[in-house]
Amino acid sequence: MNLDLARWQFAITTVYHFLFVPLTIGLSLLVAGMQTVWHRTGDDRWLRMTRFWGKLLLINFAMGVVTGIVQEFQFGMNWSDYSRFVGDIFGAPLAIEGLLAFFLESTFLGLWIFGWDRLPKRLHLATIWLAAIGTVLSSYFILAANSWMQHPVGYVIDEGRGRAQLVDITAVLTNSTAVGAFLHTITACFVTAGVFVVAISSYHLARGRYTEVFRPSIRLGLVTVLVASLGVVVTGDLQARLMTEQQPMKMAAAEALYDTVAPASFSLVTIGTPDGSQELWSLRVPRVLSFMATGSFDGEVEGINDLQEQAERTYGPGDYTPDVPTTYWTFRLMIGFGLVAALVSVLGLWFTRRRARTPVPRWFHRLALVALVTPFAANTAGWIFTEMGRQPWAVFGVLRTADGVSPSVGTASVVISLIVFTLLYGVLAVVDGVLMVRYAQAGPPPPTVPGTGPDDSDDAPRPLAVAY
């Protein structure tokens, strides 16, 4: 009972927190790029874009910080046995993230916020770039910690102390799983930020408001989504090969593949029994799963039954199969929502091309606004797939999830904290939604008053006319 409740609590807080993280990472880099264009060209439109999207970035960043702190406490509260067993290793990248990356992003983001009327132009530009770099570094160290759970390296088991001991921090930080996850996550962050920019720009363009700001904004967002979507495909292919090599059971569960086959087809849709053990009907693409898993259209993909037998011989009796229906469908939802975002970007780039003879259809602006949910849904489905597909392991092949839960925390405590966190996060969702909608609808600030524009001198302080 405690195990299921603790897992639900961590899942709710993690999924909620991860709604903000990709947008913060992607949008911080886009805002830094906007300010760079303004710095180089002096075009007032890019200054207004920087200030507008920067406000939305700050709201999102604040929510991400608040929701992220809760996760740190849960390791000690509900997962004390896990923390005790892996603390020497898991804590290292998280400590680096807190002391280096988070310090970098929070400090320089603060300087960026309050430095508009105080810092020289070039130095102020550097602060947003350093903050954006901090968000990227922060994501890498967190992914390195999570990737160690997926593919543990650089450790030994101290039998006397009954815990894992770090012996090679370089191996942990250069884990192939961490590199693959980082590349895939960063490209997904750009998709998220790009769709966000496209959706809000479409809202204003459909009403004919601030067109001088949102026309370049929507083009920037559309190009970002298209390029990043291609990156997601390439890095996702890399991750599929790594997953097949390191966690073959996850790949088998992603296809609900019970028997080893070669070549293996990929099912677009499958209808089966509730437990996923029997297929009733399926729409399949021949040989695609073989290519995803092995890089060859004729490659062999191991099935759940054979992998279960191998796991029992290696780890002893037990059920080593994850929840197949959840793993199967989250894998497809992740891919499906990502493809919808890419399709919207292709349509948008066609409609907004320079030689377009007709205005952008109003239905596209409505579609772009609805498509705002697609990257967030894809990110959520992807993380659920990543974590659920690893079960029953907390650390793959080393520590089972059931062995990591806190033995001294009672059911009542977990239930109460689960209810409190859920209600609190619901309130925060309303607050965040109200703030984001209010500032998004308000539009960019007015153009800089002639005669009070920013001085191009690197030593000149920022004028109050462009302060937040």
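Quantities reported herein were computed from a predicted structural model and do not represent experimental measurements. (Residues numbered from 1 in each chain as written. Predicted model: local features only at pLDDT ≥ 70, side-chain atom pairs only at ≥ 80, totals over all residues. Heavy atoms only, no water.)

### Some thoughts on the pairing of strand β2 (residues 163-166)
- Judged from the four bridges that link them, strand β1 (residues 155-158) and β2 form a sheet pairing that is antiparallel. Paired with D158 across the two strands is R163, which belongs to β2.
- Taking the residues that link successive antiparallel strands as the turn, the β1-β2 hairpin has four residues, and the phi of G162 there is positive, at about 65 degrees. (Pairing = 2+ DSSP bridges. Helix = DSSP H or I, 4+ residues; strand = E, 2+ residues; numbered from the N terminus.)

### With respect to the packing of helix α1 (residues 2-18) against helix α15 (residues 411-442)
- It is the contact of α1 with α15, at a shortest axis distance of 10 Å, that shows an interaxial angle of 15 degrees. If you check the angle between α1 and α15, you find them roughly parallel. Note on packing geometry: the crossing formed by α1 with α15 is left-handed. Counted together, N2, L5, A6, W8, Q9, I12, T13 and Y16 of α1 and T411, V414, V415, S417, L418, F421, T422, Y425, L428 and A429 of α15 form the full contact between these two elements.
- Across the contact of α1 with α15, the residue classes tally to 12 nonpolar, six polar and no charged. (Axes fitted to C-alpha atoms, helices over the stretch in contact; angles between N-to-C directions. Parallel < 35°, antiparallel > 145°, perpendicular 65-115°, else oblique. Left-handed = near helix turned anticlockwise from the far one by under 90°. Contact = heavy atoms within 4.5 Å. Nonpolar A, V, L, I, M, F, W, Y, C, P; charged D, E, K, R; others polar.)

### Here's the deal with the packing of aromatic side chains
- This model, assessed by the stated rule, comprises 25 aromatic pairs.
- Seen in terms of ring centroids, F18 and W383 are 5.2 Å apart; in terms of plane orientation they differ by 80 degrees. Their pairing is edge-to-face. Of this pair, F18 sits in helix α1 while W383 sits in helix α14 (residues 373-388), and the two are 365 residues apart along the sequence.
- Of the residues examined, F18 reaches a relative accessible area of 15% and is grouped as buried. (Phe/Tyr/Trp six-rings, centres within 6.5 Å; stacked < 30°, edge-to-face > 60°. Buried < 20%, exposed > 50% of the residue type's maximum accessible area, 1.4 Å probe, protein only.)

### Some words on the confidence of the model for the protein chain
- For the protein chain, the average pLDDT comes to 87, and 94% of its residues sit at 70 or higher.
- When pLDDT is averaged over each helix and strand of the protein chain, the minimum, 82, is found for strand β4 (residues 279-285) and the maximum, 95, for helix α7 (residues 176-206).
- In this model residues 450-468 is a low-confidence stretch, pLDDT under 50, and it forms 50 contacts with partners more than four residues away in sequence or in other chains. (pLDDT = per-residue confidence, 0-100.)

### Details of the nonpolar core
- L27, W53, L56 and F196 are the most contacted members of the largest nonpolar core, which has 42 residues in total.
- In this structure, L27 is in contact with W53, L56, L57, A193, F196 and V197, ignoring residues within four places of it in sequence. (Core = buried A, V, L, I, M, F, W, Y, C linked by side-chain atoms within 4.5 Å.)

### Re the environment of D237
- Along the chain, D237 turns up in helix α8 (residues 211-246).
- Distance in space between the C-alpha atoms of D237 and G295 is 8.8 Å, their sequence separation being 58 residues.
- When residues no more than four places from it in sequence are discounted, the contact partners of D237 are F291 and M292.

### A short note on a nonpolar patch on the surface
- On the surface, a cluster of nonpolar side chains totalling about 750 Å² of accessible area is made up of L268, V269, I271, L280, W281, L283, W329 and L333.
- Elements with a minimum of two residues in the nonpolar patch: β3 (266-272), β4 and α12 (324-351).
- Mapped onto the elements, L268 comes out in strand β3.
- Residue L268 is classed as partly exposed on the basis of its relative accessible area, which comes to 43%. (Patch = residues over 30% accessible without salt bridge, like charges linked within 9 Å, V, L, I, M, F, W, Y side chains within 5 Å. Areas by Shrake-Rupley, 256 points an atom, 1.4 Å probe, with all protein chains shown as cover. Salt bridge = Lys/Arg side-chain N within 4 Å of Asp/Glu carboxyl O.)

### Notes on helix α11 (residues 304-315)
- Taking 1.5 Å as the rise per residue, α11 with 12 residues should run 16 Å; its terminal C-alpha atoms sit 16 Å apart, in good agreement.
- Against α9 (248-255) and α12 lie the buried residues of α11.
- Of the residues one or two after α11, G316 is the one with positive phi, at around 100 degrees. (Expected span 1.5 Å × (residues − 1).)

### Focus: the packing of α7 against α8
- Relative orientation of the contacting elements α7 and α8 amounts to 155 degrees, with a least axis distance of 6 Å. What the angle tells us is that α7 and α8 run roughly antiparallel. For the crossing formed where α7 meets α8, the hand is left-handed.
- Residues belonging to the contact of α7 with α8 are distributed by class as follows: 17 nonpolar, 19 polar and one charged.

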